[in-house]
Amino acid sequence: MSVIKKVKARQVFDSRGFPTVEAEVILADGSINIYERHGLKFIACSLDFGTEKDVTDFENDIEYCGFNKCKYNHGTRHFNEVTHTTYSVTHNGILPALLIALGITFGKKTETTRKLIPDWIMSGSKIIQREFISGFQGGDGCKIRWNKLDKKGYNFICAETSQQIHPSKQESLVMFMKQCITLLEGFGIIITYLNQKRIEENRIKVSFKVKDSQTNLIRYYDEIGYRYASTKNIASF
């Protein structure tokens, strides 16, 4: 992994009025890898978004940072007996190479040792930290939902943020998720637990839980939210 000694970013404001950084490199759901074809190696990253607005916002940001836009494809995929609409886009060359140089884990996520979150994020400004954890939650976090209680009003719930990995790589994912918790706690978000559970012979689920108090969830939404995941942002409150 290349060592990043300095990252320079210019502050701008997103559509909700929150400060963000111009050179954003955080991904939602997707993959990045090094491939070989006809004896030649090339790098590509493929990303999936839930709405056309999400993929359009991402591509506009990519263009604003100086990269070329790519055409996106509309499709569907089936997961847990539910059909999901997806908008997919693939970038080759310079962009995925930059992401790898910045310390992004590449390869199949369930079979690859998870790299630690780079120091330029962990020790970076609140703007950079927010963009990273908001992008991560946009891809892997759960939306905030509410339940009506009989004669007792409502309660608010946010399910676990979780990822899966092969047992031989378990500790690397645990360390990564602990870093995510550290970032969230830096914004005053209360995390109730970090859990590890074997769900299959070759799969371990590592998860953490944002505390289900109204005050904590409002703070989480206001401070972090979900980058490139408009459905989660809209549905949460």
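Above: the structure in question.
A. Looking closely at the nonpolar core. Counting 32 residues, the largest nonpolar core has F176, L184, F208 and Y220 as the members making the most contacts within it. For this core, the elements supplying multiple residues, two or more each, are helix 3 (119–122), helix 4 (126–140), helix 5 (170–186), strand 11 (203–210) and helix 6 (214–223). If near-sequence neighbours (up to four positions away) are discounted, Y220 is found in contact with Q137, I144, C158, L184, I189, V210, G225 and Y226. Judged by nonpolar contacts, the second largest core, of 14 residues, contains I32, F58, I62 and L95.

B. How the structure looks around the sheet that holds strand 9 (residues 161–165). The sheet built from three strands is open, its strands ordered 9-11-10 with antiparallel pairing. Each edge of the sheet is formed by a strand with only one pairing partner; in this case those strands are strand 9 and strand 10 (191–200). On average, each strand axis in the sheet is tilted by 15° relative to the strand beside it, whichever way the strands run. Across five bridges, strand 9 lies against strand 11 in antiparallel orientation. Paired with Q163 across the strands is V206, a residue of strand 11. Its contacts with the sheet put helix 4 on strand 9 and strand 11, and the angle it makes with strand 9 is roughly 75°.

C. Quick peek at the pattern of salt bridges. Applying the stated rule across the entire model yields seven salt bridges. Measuring nitrogen to oxygen at the nearest pair gives 2.6 Å for the salt bridge that ties K53 to D57. With K53 and D57 both in helix 1 (residues 52–64) and four residues apart, this pair spans about one turn of that helix. For K53, a relative accessible area of 46% gives the class partly exposed. Classification of D57 by relative accessible area gives partly exposed; the value is 28%. For the salt bridge of E111 with R203, the shortest nitrogen-to-oxygen distance reads 3.2 Å. Of this pair, E111 sits in the loop between helix 2 (94–101) and helix 3 while R203 sits in strand 11, placing them 92 residues apart in sequence. Taking the relative accessible area as the measure of exposure, E111 reaches 34% and is therefore partly exposed. Judged by relative accessible area, R203 falls into the buried class, the value being 12%.

D. Region of the structure containing the pairing of strand 10. As paired elements, strand 10 and strand 11 share eight bridges and run antiparallel to each other. Pairing of K197 across the sheet is with K205, part of strand 11.

E. Highlighting helix 5. Over its 17 residues, helix 5 extends 25 Å from the first C-alpha to the last, a length consistent with the 24 Å expected when each residue adds 1.5 Å. By the burial criterion, the buried members of helix 5 are S172, L173, V174, F176, M177, Q179, C180, I181, L183 and L184. Elements that come into contact with the buried residues of helix 5 comprise helix 3, helix 4, strand 9, strand 10, strand 11 and helix 6. One or two steps after helix 5, the chain reaches G188, where phi turns positive at roughly 80°.

Cut-off values and rules
- Residue numbers restart at each chain and count upward from 1, following the sequence in its written direction.
- Side-chain atom pairs in this predicted model are given and counted only at pLDDT of 80 or more, local residue features only at pLDDT of at least 70, and totals for whole chains, interfaces and linings cover all residues.
- Remark: hydrogens and water are excluded; side-chain values derive from all non-hydrogen atoms of the structure.
- We define a nonpolar core as any set of buried Ala, Val, Leu, Ile, Met, Phe, Trp, Tyr and Cys residues linked to one another through side-chain atoms lying within 4.5 Å.
- Think of it in three bands: with a 1.4 Å probe and only protein chains considered, a residue is buried below 20% of the maximum accessible area for its type, exposed above 50%, and partly exposed in between.
- Going along the chain from the N terminus, every DSSP run of H or I of four or more residues is numbered as a helix, and every run of E of two or more is numbered as a strand.
- In what follows, residue pairs with any heavy atoms lying within 4.5 Å of each other are defined as contacts.
- Strand pairing is defined by DSSP finding a minimum of two bridges between the two strands.
- Whenever a helix is involved, its axis is fitted only over the stretch in contact; in every case the axis is a line through C-alpha atoms, and angles between N-to-C directions fall within 0 to 180 degrees.
- Should a side-chain nitrogen of Lys or Arg be within 4 Å of a carboxyl oxygen of Asp or Glu, the pair is scored as a salt bridge.
- To estimate how far a helix should reach, multiply one less than its number of residues by 1.5 Å.

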